[in-house]
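Residues per chain are reported as follows:
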Amino acid sequence: MAAAAPPPPPTSAPVTLPESDPSGNTLFTRIRLATVDDVPHIHKLIHEMAVFEHLIHLFEATPESLANTLFPENPLPPFSSFTVFLLELSYMPFPPTPQNEHFTPILKSIHLDVPIEDPGREMFRSKAIDVSVLGSDVIVGGFVLFFPNYSTFLAKPGFYIEDIFVRECYRRKGLGKILLSAVVSQAAKMGYGRVEWVVLDWNVNAIKFYEQMGAQILPEWRICRLTGDALQAYAHINI
């Protein structure tokens, strides 16, 4: 099967804000478990992240490959394998959400002096809630993908965050902290010992943010990775 063409890169149009509204605005957020129906949005979010991190040359994912690996035909329960939390945004409160045996969506609200102008609004409009029911569009603003790992020193499982990403126009609003806190809260709820992730050394804003949260940046540990041709070559070495 030919690889699907990647989505267009994020618009370079400047983000503009409307005139100040004295009454203020409230941005309602919801973090929920992603489903296979969210794969097109997840694919576009990963593409935007690759552009932001200057790693577009490594971007090979397609909607089909994401659907097959993240949401296989016989999936494990959430948090037992790859899990994706999706961040949704609306200017109207989200309706009550049916109880889920694995995860109850997290609802929070953020006060804004003025609404955010989203140049990618059409591309990231969610179909999870009918606009006629909510009275406002629901926009996908970011995601976090994580999976279990294990600490032999702690003799406890933990979570490793592969990706955490908030779209550019929604940054510096505390939304990344909400996403990260959702994973940390789930780990604590399950009695896990730690949550880990990596950060690019040039991303000083992210490093400062993580340090302010109490995270340790471990310069003595370096990532080792076999991938692509090197992985295939080593896989066929006779041991």
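- The name given to the chain in an unreviewed UniProt entry is Probable acetyltransferase NATA1-like, with the source organism recorded as Olea europaea subsp. europaea.

**As for the overall build of the chain**
Here's step 1: Of the regular secondary structure elements, the chain holds six helices and six strands.
Here's step 2: Counted from the first residue to the last, the chain has its helices and strands arranged as β-α-α-β-β-α-β-β-α-β-α-α.
Here's step 3: In the chain, which comprises 239 residues, the proportion classed as buried is 36%.
Here's step 4: Partitioning the intrachain contacts of the chain with sequence separation of at least 6 by distance along the chain shows that 76% fall at a separation of at least 24.
Here's step 5: Put simply, the chain shows about 14,900 Å² of open surface, and 56% of that area lies on carbon and sulfur atoms.

**Looking at helix H2 (residues 63-70)**
Here's step 1: Within H2, burial applies to Leu 66, Ala 67 and Leu 70. Projected down its long axis, H2 shows its buried positions confined to an angular sector of 100°, all on one face.

**Focus: the pairing of strand S4 (residues 139-151)**
Here's step 1: In this structure, strand S2 (residues 83-90) lies alongside S4, joined through seven bridges in antiparallel fashion. Bridged to Leu 86 within S4 is Phe 143.
Here's step 2: Relative to strand S5 (residues 156-166), S4 runs antiparallel, the two sharing ten bridges. Counted as the bridge partner of Leu 145 is Asp 163 from S5.

**Remarks on the confidence of the model for the chain**
Here's step 1: Per-residue confidence for the chain gives a mean pLDDT of 88, with 88% of residues at or over 70.
Here's step 2: Here residues 10-24 is a poorly scored stretch, pLDDT under 50, and it has 21 contacts once near neighbours within four places are set aside; other chains count.

**Focus on the sheet that holds S4**
Here's step 1: Ordered by their spatial adjacency, six strands build an open sheet running S3-S1-S2-S4-S5-S6, and the pairing between neighbours is mixed. If you trace the sheet from one side to the other, it starts and ends with strand S3 (106-112) and strand S6 (195-196), each paired once.
Here's step 2: Pairing of strand S1 (residues 25-33) with S3, which is carried by seven bridges, proceeds in the antiparallel orientation. What sits directly across from Leu 27, in S3, is Ile 110.
Here's step 3: Against the sheet, helix H1 (residues 39-52) engages S2, S4 and S5, with an angle of about 85° to S4.

Quick notes on the rules
Residues numbered from 1 in each chain as written. Predicted model: local features only at pLDDT ≥ 70, side-chain atom pairs only at ≥ 80, totals over all residues. Heavy atoms only, no water. Helix = DSSP H or I, 4+ residues; strand = E, 2+ residues; numbered from the N terminus. Buried < 20%, exposed > 50% of the residue type's maximum accessible area, 1.4 Å probe, protein only. Contact = heavy atoms within 4.5 Å. Areas by Shrake-Rupley, 256 points an atom, 1.4 Å probe, with all protein chains shown as cover. Arc of directions from axis to C-beta. Pairing = 2+ DSSP bridges. pLDDT = per-residue confidence, 0-100. Axes fitted to C-alpha atoms, helices over the stretch in contact; angles between N-to-C directions.

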